[in-house]
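# Structural description and commentary
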Amino acid sequence: MILCYIYENMADFEITLLLHRLRNTGKKTCVYISDSFDLIKAQSGLTYMADKTINDIKDISDVEALIIPGGPINNQQNGICSLVQELIKQNKLVAAICFAPQFLGRAGILTQYKFTTSCSAEKIVQLGVNDPFCWENYLNQRTVVDRNVITAQGFAFVDFAVEVCKYLHIFESELQLEQQLLRVKTDTM
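Note that the coordinates shown come from a computational prediction; the quantities given were computed from them, not determined experimentally. (Residues numbered from 1 in each chain as written. Predicted model: local features only at pLDDT ≥ 70, side-chain atom pairs only at ≥ 80, totals over all residues. Heavy atoms only, no water.)

Per the secondary structure count, the chain includes six helices and nine strands. Taken over the C-alpha trace, the chain has a radius of gyration of 16 Å; the compact-globule value for 189 residues is 16 Å, and the two agree within 12%. Taking the principal axes of the C-alpha coordinates as reference, the chain spans close to 45 × 40 × 35 Å. Sorting the 189 residues of the chain into buried and exposed places 51% on the buried side. Contacts in the chain between residues at least 24 apart in sequence constitute 67% of all its contacts with a sequence separation of at least 6. When the accessible area of the chain is evaluated, it comes to approximately 9,100 Å², of which 48% is carbon and sulfur surface. Taking the average place of the 17 positive charges on the side chains of the chain and the average place of its 21 negative ones, the gap between the two points comes to 2 Å. (Helix = DSSP H or I, 4+ residues; strand = E, 2+ residues; numbered from the N terminus. Rg over C-alpha atoms; globule rule 2.2 N^0.38 Å. Buried < 20%, exposed > 50% of the residue type's maximum accessible area, 1.4 Å probe, protein only. Contact = heavy atoms within 4.5 Å. Areas by Shrake-Rupley, 256 points an atom, 1.4 Å probe, with all protein chains shown as cover. Lys, Arg positive; Asp, Glu negative; His and termini not counted. Charge placed at Lys NZ, Arg CZ, Asp CG, Glu CD.)

This is how it looks when you write it as structure tokens:
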């Protein structure tokens, strides 16, 4: 089972390709979790509702990964942090894109993992929020894979999908990976 954390004003476009590949190619069950069952409006304008609340997740033995899309940074979004800590302890994959590594930072794991994010120290100051990032472990890369943590900058959502799918062995071959994900990437950037 793949858990996906959804929350208000999340950048849903950053994870839709990944979730599509996980469900269709990988035949994975994706369960959408949130702090409550309130409707969630994403940056795209689409409205989402969780399958379960975070508190409903008691047994993580069947969980393979947690996917977290980017979204706004604020000091109140901490409900997911204890689940992140538990998944890391159990050596499960935690994958976060764009500003979502903030949750990993608040969970206290970025002191032990290399990561990337679309956020910056300057942006944190501008927003006037507590800085959740351990900047000495930051790498200015499109994606960073460090053991069971995958992070990506927001514009690298295809790269993010590739890395998560590779980690979870979604594709039967390099050719299938090429046909289903890599052909949408461009080298002209």
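On the secondary structure map, Asn 148 appears in the loop between β8 (143–146) and β9 (149–152). Given the relative accessible area of 1%, Asn 148 is considered buried. At 2.7 Å, the side chain of Asn 148 forms a polar contact with the side chain of Tyr 113. Not counting the four nearest positions on each side in its chain, Asn 148 is found in contact with Leu 87, Ile 88, Asn 91, Lys 92, Leu 93, Val 94, Tyr 113 and Tyr 167. (Polar contact = N/O pair within 3.5 Å; in protein donor to acceptor, adjacent residues only side chain to side chain.)

So, about the pattern of salt bridges. Tallied over the full model, the rule gives four salt bridges. The shortest N-O distance in the salt bridge between Glu 64 and Lys 28 comes to 3.0 Å. Of this pair, Glu 64 sits in the loop between β5 (52–53) and β6 (65–68) while Lys 28 sits in the loop between α1 (13–24) and β2 (30–34); the two residues are 36 residues apart in sequence, bridging distant segments of the chain. What makes Glu 64 partly exposed here is its relative accessible area of 28%. A salt bridge links Glu 86 to Lys 89, with the nearest nitrogen and oxygen atoms 3.8 Å apart. Placement of the pair is Glu 86 and Lys 89 together in helix α2 (residues 81–89), with a separation of three residues, close to one helical turn. Exposure remark for Glu 86: the relative accessible area of 29% places this residue in the partly exposed category. (Salt bridge = Lys/Arg side-chain N within 4 Å of Asp/Glu carboxyl O.)

Right, let's talk about the pairing of β2 for a bit. In the case of a regular strand, side chains alternate between the two sheet surfaces. Most of β2 sits out of view: four of its five residues are buried. Where strand β1 (residues 2–5) and β2 come together, four bridges link them in parallel fashion. By the bridge assignment for β2, Ile 2 is matched with Cys 30. Between the parallel pair β1 and β2, the chain is carried across by α1, and the sense of this crossover is right-handed. Pairing geometry for β2 and β5, over two bridges, is parallel. In the sheet register, Ile 33 faces β5, and the bridge partner there is Lys 52. (Pairing = 2+ DSSP bridges. Right-handed = clockwise from strand over helix to strand, strands pointing away.)

This next bit is on the pairing of β1. The side-chain alternation of β1 yields two buried faces, one formed by Ile 2 and Cys 4 and the other by Leu 3 and Tyr 5. Pairing of β1 with β6, which is carried by three bridges, proceeds in the parallel orientation. In the sheet register, Ile 2 faces β6, and the bridge partner there is Ala 65.

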